[in-house]
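# Fold and geometry: a report
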Amino acid sequence: MLFSILLLCLLVLPAHAVTIKNVRIWPAPDHTRLVFDLDKPIRHQLFTLDKPDRLVIDLDDTRGQDSIEKLPLKDTPISRVRTAVKSGSDLRVVFDLNSKIQPRSFLLKPNKQYGHRLVVDLVYKEKKTVKNTAPIPRVDPTGQRDIVVAIDAGHGGEDPGAIGPGRVREKTVVLAIARKVERMLNAEKGFKPAMIRTGDYYVGLRARTERARKHRADLFISIHADAFKDSRPRGSSVFALSQRGATSETARWLANSENSADLIGGVNGALTLDDKDKVLAGVLLDLTMTATLSDSLKVGQSVLRSMGQINKLHKRDVEQAGFMVLKSPDIPSILIETGFISNPREAKNLQSSAYQEKMARQIVAGIKRYFGSNPPPGTWLAHQKKRLSQGSYVVSRGDTLSGIAQKNKISVASLRKANNLRSDALRVGQRLTIPRS
C-alpha cells in the first residue's frame, strides 16, 4: 500500500524544471549576444514581431526570470525586457527593440568553464559605425600606402580564455596589450593598425582571419597569455602555423586549448562548404601557404627576439602548431604568447599597465624591424627603403640635369622619375636622388 502511494506521488509530481542560473549579455559591433546559463538542456522557440519591434523567446518548463530582468541594456538594440509565465510552467521573454535585428540561437553543451547554455545572437541589420573598421589602407598623396597590421586580442565575451591566480582573465590582459600595440603603431609613419576585437565580446576563430582580410592586412598578430596544466612553465613564445604538426608537447597542448575556443564561443555564422569545396580549398591552401608561412616565421623571429629583451623566452625559436586562427593562406600570421598566466610571477606582470606597455613596445619593435627589411611593394616604407639604397647629389652652380645623368651613367628620364621632376630646371643646393642603374 505504501509503495503504491509513493509511486502515485512520483507520477503526479512535475518533472524538474529548467533553471536559468544566470544571463549574460555581450554587445559587439555587429551583434549583441545573450547567453543563458542553464542547469540542463532546454527546449525553446523564438520569433520577432513588429509595430513595435520585439523579439519573443519561449522557454519550455523554465524558472529563473529574475536574472533576465536585471540585464544591462546599454549599447544593445534592447530597450526593455519583460517576462511572463505561459501555460503554467513555460517562460516567455519579450525584448522590446530599438533597431531591426536578425535573431539566431543555438545550444552549447557543458565544457570546463560552463554548463549547458542557450545562446541568442541579435545580428544588426544596419551595421554600426565603429572606429577602426574601415577596410581600405591609408594612402598618402604620392600613392604610397601604409602597412596594415591586424591586431587580434584572443578570446573575449563569454570566453575568458585562461584564468590565472587571483582570477585574472586572459581576455582582459590581452585586450589591454592589443590596445597599446594599436596606439603605438598608429604613431608610426607608414603603419596602420586594425583591431579585430575592440571590446569584451567573442569573435569566432575563422571570423578573425576574415576580418583581417577585409582590412587588407599585411600581417595578422594574435595576442594571448595562455596557461599550462601546472604553474611552473613561464616565458614568452611566438607561434606560426605548422603544416606537419606541433614542434613540441607544449605547442600541441596550447594549440588544442586555443582551437577549443569555438566550443566556448559557439558558431559564428560562417559559411559551410560542401565536401567538394573543402577538397578544393585544402589544395589551394597547401599551394599558397608555403610562401606565407616563410614570412610568418621571419616576422615571428623578429618579434620573439624583441620580447626576449624584457622577458624570459619559453623557446628561443618560433614554434609551430596547428592554430586555427593562423590558417590564412595569404596573410603572414603569428600567435604571440606574452607569458603564462598560470605562472604567479607572470600573471602579476601581465596585470601591470607598465609591463603591458613594455610588452607592446617590444612587439611593435619586432614588427618594425621585420618590415624595415621586408616592406611590401607600394608601401611608404618600401619607398623609403629604396631612397636609402640610392645615392644622392647636391646641385652646384653650372650643373645641368643631362650633365648629372651623364656623370652617374644613368638616363635623364630615370633621374627625372626618381626625383619627381616636371622640368629640367635645377637650383643650387638642391639634393637629387641618384637611382641605381
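See above for the structure.
### Some details on helix H8 (residues 344-351)
Within the sequence span of H8, burial applies to Glu346, Ala347 and Leu350. An end-on view of H8 places all buried positions within 105 degrees of arc, on one side of the element. Opposite the buried face of H8, by more than 90 degrees, sit the exposed residues Arg345 and Lys348. Looking at the buried residues of H8, the elements they touch are helix H3 (170-186) and helix H9 (353-373).

### Description of H9
The end-to-end C-alpha distance of H9, which contains 21 residues, comes to 31 Å, matching closely the 30 Å that a straight helix rising 1.5 Å per residue would cover. All buried positions along H9 are accounted for by Tyr355, Gln356, Glu357, Met359, Ala360, Gln362, Ile363, Val364, Gly366, Ile367, Tyr370 and Phe371.

### Structural notes on the pattern of salt bridges
Applying the stated criterion across every chain, the model contains 20 salt bridges. A salt bridge links arginine 33 to aspartate 121, with the nearest nitrogen and oxygen atoms 2.7 Å apart. Here arginine 33, found in strand S2 (residues 31-38), pairs with aspartate 121, found in strand S9 (residues 116-124); they are 88 residues apart in sequence, far enough to count as distant. The partner of glutamate 357 in a salt bridge is arginine 183, and the shortest N-O contact between them spans 2.7 Å. Of this pair, glutamate 357 sits in helix H9 while arginine 183 sits in helix H3, and the two are 174 residues apart along the sequence. With a relative accessible area of 43%, arginine 183 lands in the partly exposed category.

### A short note on the sheet that holds strand S1 (residues 18-27)
With mixed pairing, the 5 strands of this open sheet are ordered in space as S5-S1-S2-S9-S8. Both edges of this open sheet fall to strand S5 (62-63) and strand S8 (101-108), since each of them pairs with a single strand only.

### Description of the nonpolar core
Membership of the largest hydrophobic core comes to 67 residues, with the highest contact counts inside it found for Val181, Ile221 and Ile363. By size, the runner-up hydrophobic cluster in this structure holds 24 residues, among which are Val23, Ile78, Val93 and Tyr124.

### Looking at the sheet that holds strand S4 (residues 54-59)
An order of S3-S4-S7-S6 is seen for the 4 strands of this open sheet, with the pairing classed as antiparallel. In the strand order of this sheet, the two ends are held by strand S3 (44-49) and strand S6 (78-86), each with one partner. In this sheet, adjacent strand axes meet at a mean angle of 15 degrees when their direction is disregarded. Pairing analysis gives 6 bridges linking S3 to S4, with the strands arranged antiparallel. Bridging from a neighbouring strand, leucine 46 pairs with isoleucine 57 of S4.

### A few points about the pairing of strand S10 (residues 147-153)
Counting buried positions along S10 yields 7 of 7 residues, so the element is predominantly enclosed. Where burial is concerned, the two faces of S10 agree: the one with Ile147, Val149, Ile151 and Ala153 and the one with Val148, Ala150 and Asp152 are both buried. In this fold, the crossover linking S10 to strand S11 (residues 191-195) by way of H3 has right-handed handedness. Across 5 bridges, S10 lies against strand S12 (residues 219-224) in parallel orientation.

Cut-offs and rules
- Residue numbers restart at each chain and count upward from 1, following the sequence in its written direction.
- pLDDT decides what is reported in this predicted model: residues at 70 or higher carry local features, side-chain atom pairs at 80 or more are listed and counted, and totals for whole chains, interfaces and linings draw on all residues regardless.
- To get the side-chain values, all heavy atoms of the structure are used, and hydrogens and water are removed first.
- Working definition: with a 1.4 Å probe on protein chains only, accessible area under 20% of the residue-type maximum means buried, over 50% means exposed, and in between means partly exposed.
- Every helix listed is a DSSP run of H or I at least four residues long, and every strand listed is a run of E at least two residues long, numbered separately from the N terminus.
- An arc is given here, and it is the one of the directions from the helix axis to the C-beta atoms.
- When checking whether two residues touch, look at their non-hydrogen atoms; a contact exists if any pair is within 4.5 Å.
- Given a helix with a known number of residues, its expected span is that number minus one, times 1.5 Å.
- For this document, the term salt bridge refers to a Lys or Arg side-chain nitrogen within 4 Å of an Asp or Glu carboxyl oxygen.
- Pairing between two strands is assigned when DSSP locates at least 2 bridges connecting them.
- Remark: nonpolar core denotes a set of buried residues (Ala, Val, Leu, Ile, Met, Phe, Trp, Tyr, Cys) joined through side-chain atoms within 4.5 Å.
- Axis definition: a line fitted to C-alpha atoms, limited for helices to the stretch in contact. Angles are taken between N-to-C directions and run from 0 to 180 degrees.
- Handedness of a crossover is defined as follows: with both strands directed away from the viewer, a clockwise route from the first strand across the helix to the second makes it right-handed.

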